[in-house]
Amino acid sequence: LLSSAVKAGDGGAEIGGVLYAVRHSVYIDAVYVDQWNPEKWEKLSDVPDLVDNDFMAADVALDPASGAVYGCFHNVNKNGFEFGTIDYEACKREKVAAVDEWSALAADASGVLYAIGMDGMLSRVDKATGTLTAVGPTGVVPAANGTAAIEPRSGRMFWCTTVAGGKAGLYEVD
């Protein structure tokens, strides 16, 4: 991001020229969805949408083939995780399945979804069931959530995460 004002620590995606950014206020335990113009970095509304805890994501990925946004989300009680979809425009989230926490999620140009688990395992995700099929270990074990993206022309996957000791890094996953 090119603006320090945008807070999206709990997920977000750019859809239709609007950046939806999810943030959590720990002081009042509230979750908000802000809307931004990503070209001018101007907030589009002074009143963010107040949403449930289950909008908070470990990571989300926009499927370029379908336009759907998938994610690994906290459940509403914040005591587990769920794989599902989110519609930021309608402020609606759908659960597909309960899952273990994932560090990152990314979709390739054809819509194949990949997750990186908290054990560092790269897996393909069945979008209908949330079932993981192991691809192989990344060689990195995350200590916290990160984010991943697949460059659509080359198909190269990049993953930003933090490892033990608080060291952050950007990794290419191949």
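Further up the page is the structure itself.
Residues numbered from 1 in each chain as written. Predicted model: local features only at pLDDT ≥ 70, side-chain atom pairs only at ≥ 80, totals over all residues. Heavy atoms only, no water.

Explanation requested: the packing of aromatic side chains in the structure shown.
When we look at a pair of aromatic rings, we describe it by the centre distance and by the angle of the planes. On inspection of all chains with the given rule, the structure shows four aromatic pairs. Both rings, one in Tyr 20 and one in Tyr 88, keep their centres 5.8 Å apart while their planes meet at 10°; by these two values the pair is stacked. Residue Tyr 20 is located in strand E2 (residues 18–25), and its partner Tyr 88 is located in the loop between strand E8 (81–87) and strand E9 (92–99); the two are separated by 68 residues in the primary sequence. Here Tyr 20 and Tyr 88 have matching classes, each one buried. With centroids separated by 5.7 Å and ring planes inclined at 5°, the aromatic side chains of Tyr 70 and Phe 83 adopt a geometry described as stacked. (Phe/Tyr/Trp six-rings, centres within 6.5 Å; stacked < 30°, edge-to-face > 60°. Helix = DSSP H or I, 4+ residues; strand = E, 2+ residues; numbered from the N terminus. Buried < 20%, exposed > 50% of the residue type's maximum accessible area, 1.4 Å probe, protein only.)

Looking at this structure, I do not really get the side chain of Ser 123. What am I missing?
Relative to the helices and strands, Ser 123 resides in strand E12 (residues 121–125). Judged by relative accessible area, which is 6%, Ser 123 ranks as buried. In contact with Ser 123, other than residues within four places in its own chain, are Leu 113, Tyr 114, Ala 115, Leu 132, Thr 133, Ala 134 and Val 135. (Contact = heavy atoms within 4.5 Å.)

Is there a simple way to explain the side chain of Asn 37 in this structure?
As for its placement among the helices and strands, Asn 37 is situated in strand E3 (residues 30–37). At 2.8 Å, the side chain of Asn 37 and the backbone nitrogen of Glu 39 are in polar contact. One polar contact links the side chain of Asn 37 to the main-chain amide nitrogen of Lys 40, over a distance of 3.2 Å. (Polar contact = N/O pair within 3.5 Å; in protein donor to acceptor, adjacent residues only side chain to side chain.)

I tried to follow the sheet that holds strand E15 (residues 157–162) on my own but got confused; where do I start?
Paired through backbone hydrogen bonds, the strands of a sheet run either parallel or antiparallel to each other. Taken together, the three strands give an open sheet; going across it, the order is E14-E15-E16, and neighbouring strands pair in antiparallel fashion. For this open sheet the edge positions go to strand E14 (147–150) and strand E16 (168–173), each flanked by a neighbour on one side alone. Taken pair by pair, the neighbouring strands of this sheet meet at an average axis angle of 15°, ignoring direction. Note that E15 and E16 share six bridges and pair antiparallel. (Pairing = 2+ DSSP bridges. Axes fitted to C-alpha atoms, helices over the stretch in contact; angles between N-to-C directions.)

Explain unusual backbone geometry here, please?
The bulk of non-glycine residues show a negative phi, and the bulk of peptide bonds are trans. Of note, Lys 78 is a non-glycine position whose phi angle comes to about 60°, a positive value. Here Lys 78 lies in the loop between strand E7 (69–74) and E8. Non-glycine residue Cys 91 carries a positive phi angle of around 55°. Residue position: Cys 91 is located in the loop between E8 and E9.

How should I be thinking about the nonpolar core in this particular structure?
One finds Val 33, Val 69 and Tyr 88 to be the most contacted residues of the largest nonpolar core, which totals 16 residues. Only strand E1 (12–15), E2, E3, strand E6 (57–62) and E7 provide two or more residues apiece to this core. Among the elements that line this core, the one with the most residues is E2, at three residues. Non-local contacts of Val 69, meaning those with residues more than four positions away in its chain, are made with Ala 13, Ile 15, Val 60, Ala 61, Leu 62, Gly 84, Thr 85, Ile 86 and Tyr 88. Core analysis: the next-biggest nonpolar cluster, separate from the first, contains 13 residues, Ala 58, Tyr 70, Cys 72 and Trp 102 among them. (Core = buried A, V, L, I, M, F, W, Y, C linked by side-chain atoms within 4.5 Å.)

Mind showing me how you'd approach the pairing of E1 here?
With burial as the criterion, only one face of E1 is covered, namely that bearing Ala 13 and Ile 15; the residues Gly 12 and Glu 14 on the opposite face remain uncovered. The sheet contact formed by E1 and E2 spans four bridges and is antiparallel. Within the sheet, the bridge partner assigned to Ile 15 lies in E2 and is Val 18.

Quick question: what am I supposed to make of the state of the cysteines here?
What we call a disulfide is simply a covalent bond connecting the sulfur atoms of a pair of cysteines. Summed over the entire model, instances satisfying the criterion amount to zero disulfides. As a non-bridged cysteine, Cys 72 has Cys 160 as the owner of its nearest cysteine sulfur, 17 Å distant. Classification of Cys 160 as partly exposed rests on a relative accessible area of 36%. (Disulfide = S-S within 2.5 Å.)

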